[in-house]
Amino acid sequence: MQKKAVIIQDISCFGKCSSTVALPIVSAFDVECALLPTALLSAHTGFPKFTCFDLTEEMEKTLLDWKALSLSFDGFFSGYMLSDKQASFALDCLDSLVKRDSLVLVDPVMGDDGKAYAMLNESFGEKMRALVSRADIITPNLTEAALLLEKPAVLSGYDESFIEETLFGLQKLGCKIPMITGVSFEEGKIGVAFLENGKVTYVFSKKHEGVSCGTGDTFSSVLFGALLSGEKTETAVRKAVHAVEKAIENGVKKYGIDFEGLLSLKD
Ligand code: PXL
């Protein structure tokens, strides 16, 4: 039977990130996707100018309708949210519309490059930690891992023991398999570390300088689709890391990577 997933992310009308990446990629795994949009942006926040329309009220109304329709999802994938209230709606969605044994992936979009995004305050952090405590998989970068653990961000000069300590700290927040993206111990290589059954695994690929926008969304979307399709964690991570590398090879724009080539129906 075809699986159904709910994706909670913004719609950035131009630029390649969040739902405009997640919907096509997760659909390519033959998963039926429902979108609970958090905001409507003219372009993503990497652009010098953009509008941002807050969809909190629509989230509430949509959840009421979906409950009336008795929808029930096999997968839950959350990303960019504007406020603690939106994170509460994500928790409500998880409690009332997602099956007990479903796959829960939380990408805790909170910051990058050592800086917290504007929406981050104490109550947003707390709600995000509540969401993380319910997750099977989380995919923070090093900045987001530090924000979740309420520690200063360490972005370079770290070693394996630091990454491992961070992963164990994240697991204490209650998620089953914490991951950290953007891990790099040597020049020219970047990858993902994850902790499963007490064991830390690293998956690396070639680092392409100056590329960041959209890579996290492509990674988490392929990971989510592959896991929902029944792949083992390490296989799904390898597939997702490889997909990001391939999308970068296909092409890089100032505002994203060419993930479309991964999905092509063209011969
Ligand atoms: O890639 C995460 C993301 C999602 N949504 C919006 C963003 C970003 C990253 O900057 O700007 C609107």
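Here, every reference points to the structure presented above.
Residues numbered from 1 in each chain as written. Predicted model: local features only at pLDDT ≥ 70, side-chain atom pairs only at ≥ 80, totals over all residues. Heavy atoms only, no water.

1. A few points about the sheet that holds strand β3 (residues 31-35)
- Pairing is mixed across the open sheet formed by eight strands, whose spatial order is β3-β1-β6-β7-β10-β11-β12-β13. Here the strands that pair on one side only, and so sit at the sheet edges, are β3 and β13 (199-206).
- In the sheet, strand β7 (residues 98-106) pairs with strand β10 (residues 137-138) via two bridges, with the strands oriented parallel. Each bridged residue has a counterpart across the sheet, and for L105 the counterpart in β10 is I137.
- In the packing of helix α6 (residues 160-172) onto the sheet, the strands contacted are β10, β11 (177-183), β12 (189-196) and β13, and the crossing angle to β11 comes to about 140 degrees. (Pairing = 2+ DSSP bridges. Helix = DSSP H or I, 4+ residues; strand = E, 2+ residues; numbered from the N terminus. Contact = heavy atoms within 4.5 Å. Axes fitted to C-alpha atoms, helices over the stretch in contact; angles between N-to-C directions.)

2. Here's the deal with the sheet that holds strand β4 (residues 39-41)
- Across the sheet, which stays open at both edges, the three strands sit in the order β2-β4-β5 with mixed pairing between neighbours. The sheet is open, and its two borders are formed by β2 (11-12) and β5 (52-54), each paired with just one other strand.
- Note: β2 against β4, two bridges, orientation parallel. Its bridge partner being in β4, I11 is matched across the sheet by L40.

3. Overview of the nonpolar core
- With 48 residues, the main nonpolar core has V6, F76, V106, L131 and I163 as its most contacted residues.
- If sequence neighbours within four positions are ignored, V6 has contacts with A34, L36, W66, F73, G75, F76, F77, C93 and V98.
- Residues M179, L227, A236 and V244 belong to the second largest nonpolar core, which totals 33 residues. (Core = buried A, V, L, I, M, F, W, Y, C linked by side-chain atoms within 4.5 Å. Buried < 20%, exposed > 50% of the residue type's maximum accessible area, 1.4 Å probe, protein only.)

4. Some points on helix α2 (residues 56-68)
- Between its terminal C-alpha atoms α2 stretches 19 Å, which fits the 18 Å expected from 13 residues at 1.5 Å a residue.
- Those residues of α2 that fall on the buried side of the exposure criterion are T56, M59, L63 and W66. One face of α2 carries all of its buried residues, which in axial projection span an arc of 75 degrees. In α2, the exposed positions angled more than 90 degrees off the buried face are occupied by E57, L64, D65 and A68.
- Looking at the buried side of α2, the elements it contacts are β1 (3-8), β3, β5, β6 (73-78) and α3 (84-97). (Expected span 1.5 Å × (residues − 1). Arc of directions from axis to C-beta.)

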